[in-house]
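Chains, contacts and geometry: an overview
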Amino acid sequence: MAKAVDHLGYVQIDTINVIERCHHHILWTRIPAYRRQHLHQALSVDKTIFEYWTHALSYVPAKDIRFFLPAMKRHRQSPKTQFAAVSQDDLRRVLTLIRNDGALSIRDIDDEVLVEKDHAWASRKPSKRALQRAFYSGALTISARSGMVKTYELMDRHFGWNRRPDAASERQVLVYVLDRALRSQGVVSLDSICHLDAPRKAEIRRLIDARVRRKELLPVAIEGAGKLEHWVQPEMLDTPPPSGPDRVHLLSPFDPLIIQRKRLQFFFDYGHRFEAYVPKEKRLLGYFALPVLDGDEIIAAIDLKADREKQKLLVQQWTWVGRGSVRSHKARVEAELHRFADFQFDRQR
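The rules behind each value
- The written sequence of each chain sets the order in which its residues are numbered from 1.
- Thresholds applied to this predicted model are a pLDDT of at least 70 for local features of residues and 80 or more for the giving and counting of side-chain atom pairs; totals over whole chains, interfaces and linings are not thresholded and use all residues.
- Hydrogens and water are ignored here; the side-chain numbers use all heavy atoms of the structure.
- Between any two strands, at least two bridges found by DSSP are needed for them to pair.
- Comment: elements are numbered from the N terminus, with helices defined as DSSP H or I runs of at least four residues and strands as E runs of at least two.
- Note on method: axes are straight lines fitted to C-alpha atoms, helices fitted across the in-contact stretch only, with angles between N-to-C directions ranging 0 to 180 degrees.
- Here, nonpolar core means buried Ala, Val, Leu, Ile, Met, Phe, Trp, Tyr and Cys residues that are tied together by side-chain atoms lying within 4.5 Å of each other.
- Residue exposure (1.4 Å probe, protein chains only): buried if accessible area is under 20% of the type maximum, exposed if over 50%, otherwise partly exposed.
- Working rule for contacts: check all heavy atoms of both residues, and any pair within 4.5 Å makes them a contact.
- Only Phe, Tyr and Trp rings are paired, with Trp represented by its six-membered ring, and only when their centres lie within 6.5 Å; those with planes under 30 degrees apart are stacked, over 60 edge-to-face, the remainder tilted.
- Both a distance and an angle decide whether a charge sits over a ring: NZ of Lys or CZ of Arg must be within 6 Å of the ring centre and within 35 degrees of the ring normal.
- Expected span of a helix: the number of residues minus one, times 1.5 Å.
- Note: the arc covers the axis-to-C-beta directions of the helix.
- Polar contacts, as counted here, are pairs of nitrogen or oxygen atoms within 3.5 Å of one another; within protein the pair requires one atom able to donate a hydrogen and one able to accept it, and residues that are adjacent in sequence qualify only if both atoms are side-chain atoms.

Read from one edge to the other, the open sheet built from 4 strands follows the order 9-10-11-12, with strand pairing classed as antiparallel. In this open sheet, the two strands that pair with only one neighbour each are strand 9 (248–250) and strand 12 (312–320). Strand-to-strand, the axes of this sheet are offset by a mean angle of 30 degrees, without reference to chain direction. Here strand 9 pairs with strand 10 (residues 289–294) via 3 bridges, running antiparallel.

Of all hydrophobic cores here, the largest spans 88 residues; its most connected members are Ile-19, Phe-50, Leu-131, Ile-193 and Ile-204. Ranked by residues supplied to this core, first place goes to helix 8 (residues 170–185) with 7 residues. Residues within four places of Ile-19 in sequence aside, it is in contact with His-25, Phe-288, Leu-290, Leu-304, Lys-305, Ala-306, Arg-308, Leu-313, Phe-340 and Gln-344. Membership of the second largest hydrophobic core comes to 9 residues, among which are Leu-264, Tyr-270, Ala-289 and Ile-298.

Going through the model one piece at a time under the given rule, you end up with 20 aromatic pairs. Geometrically, the ring pair formed by Tyr-34 and Phe-343 is tilted, given 6.1 Å between the ring centres and 50 degrees between the ring planes. Of this pair, Tyr-34 sits in the loop between helix 2 (22–30) and helix 3 (36–46) while Phe-343 sits in helix 14 (residues 326–344), and the two are 309 residues apart along the sequence. You'll find Tyr-34 and Phe-343 in the same group, each marked buried. Taking the centre distance of 5.2 Å and the plane angle of 65 degrees together, the rings of Phe-254 and Phe-274 count as edge-to-face. Remark: Phe-274 occurs in the loop between helix 13 (261–268) and strand 10 and Phe-254 occurs in the loop between strand 9 and helix 12 (256–259); sequence separation between them is 20 residues. Across from the ring centre of Trp-53, 4.6 Å away, lies the NZ or CZ of Lys-80, which sits over that ring.

A few words on the environment of Leu-178. For Leu-178, the position within the fold is in helix 8. For the pair formed by Leu-178 and Gln-12, sequence separation is 166 residues and the distance between their alpha carbons is 19 Å. If sequence neighbours within four positions are ignored, Leu-178 has contacts with Ile-193, Ile-204, Leu-207, Ile-208 and Arg-211.

To continue, consider the sheet that holds strand 1 (residues 11–12). As summarised here, the arrangement of the 3 strands in space is 1-3-2, forming an open sheet in which the pairing is antiparallel. Each edge of the sheet is formed by a strand with only one pairing partner; in this case those strands are strand 1 and strand 2 (49–53). Here strand 2 pairs with strand 3 (residues 57–61) via 5 bridges, running antiparallel. Across the sheet, residue Glu-51 finds its bridge partner in strand 3, namely Tyr-59.

Right, let's talk about helix 5 (residues 88–101) for a bit. Its 14 residues place the ends of helix 5 20 Å apart at the C-alpha level, agreeing with the 20 Å of an ideal helix rising 1.5 Å per residue. Among the residues of helix 5, those classed as buried are Leu-91, Val-94, Leu-95 and Ile-98. Looking straight down helix 5, one finds its buried side chains confined to an arc of 95 degrees; they lie on one side. Of the exposed residues in helix 5, the ones pointing more than 90 degrees away from its buried face are Asp-89, Asn-100 and Asp-101. Among the structural elements, strand 4 (104–105), helix 6 (127–136), strand 5 (140–146), strand 6 (149–154) and helix 7 (155–159) are those in contact with the buried residues of helix 5. Trailing helix 5 by a residue or two, Gly-102 shows a phi angle of about 95 degrees, which is positive.

The next thing to look at is the environment of His-55. Position of His-55 relative to the elements: it lies in the loop between strand 2 and strand 3. Separated by 119 residues in sequence, His-55 and Leu-174 place their C-alpha atoms 15 Å apart. Not counting chain neighbours up to four residues away, the residues in contact with His-55 comprise Tyr-10, Gln-12, His-195, Leu-196 and Ile-259. At 2.9 Å, the side chain of His-55 forms a polar contact with the side chain of Gln-12.

As defined by bridge partners, strand 11 (residues 297–307) adjoins strand 12 across 8 bridges and the pair is classed as antiparallel. Note that in strand 12 the partner of Leu-304 across the bridge is Val-315.

By themselves, these figures tell us nothing about what the structure is for.
Written as structure tokens, this is what we have:
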């Protein structure tokens, strides 16, 4: 678990539950023997991962927490708009409650006057925003999850800190962002390093140029890239590709390989459409289509739905997008679908 999250840099969390939630799915794709309890062990017992915002809410290696402390400080000083209305009294109330009574979830707070929702994802309990504000500011952390219900704990108490780690400087954060991209992506561009983080591009480019001058990074020309520049670490060019049989992977739409659409299109010649929020009549691939990677080619998109009552994985739509023969891929894809169904319904083989 810890190695997989460290290599990827982050594992995105999302609420959609038509099949297995994406954080479990992404980890299962990388760790064939993965089970849901492994995530609980890492988050709540071993404490090798923690939750925070990257480009979305994600699991991040706990050893990297110092690189997120500056963002927490910024949230304390300038709360997000949706949390600005949280009063200091409400904030003190939830922090005092947790300090005195221990970790809690929003379900444990049942003495509030409920309010009308102002957003579909909001809560009728005012304490929810207070908990979220304290989370983003670093006073609280998520110590456990049950489905999408989060348990909040004082961050210092959760990690057993007598003194917090020193927050990284902005330059150290930039170096971390660059190194994380190199580790997880191998071949990087400025766009792929700064995915949904455009304000850092100028400083990251200066770091890249400095490493090129020191020969720690090499610019590489990739056919079809046009003016889009790419870089690699020199040792990567001397690393042979892994041997062994190619595998089939059913990828979550939130998988790090899929989430960067331009990069996906460039390297795999495949443009994925996430259609959960597209009107039904305009969908091409289906509500929650999973790209299917066979070896180094994306050959299909399969829209799946879990029938939890009957313990069946339903194929809603199967769209072939690869260039090879359907027959050569189909048996391998079906075998992986059976394996995914076993994981989905927790059937051990």
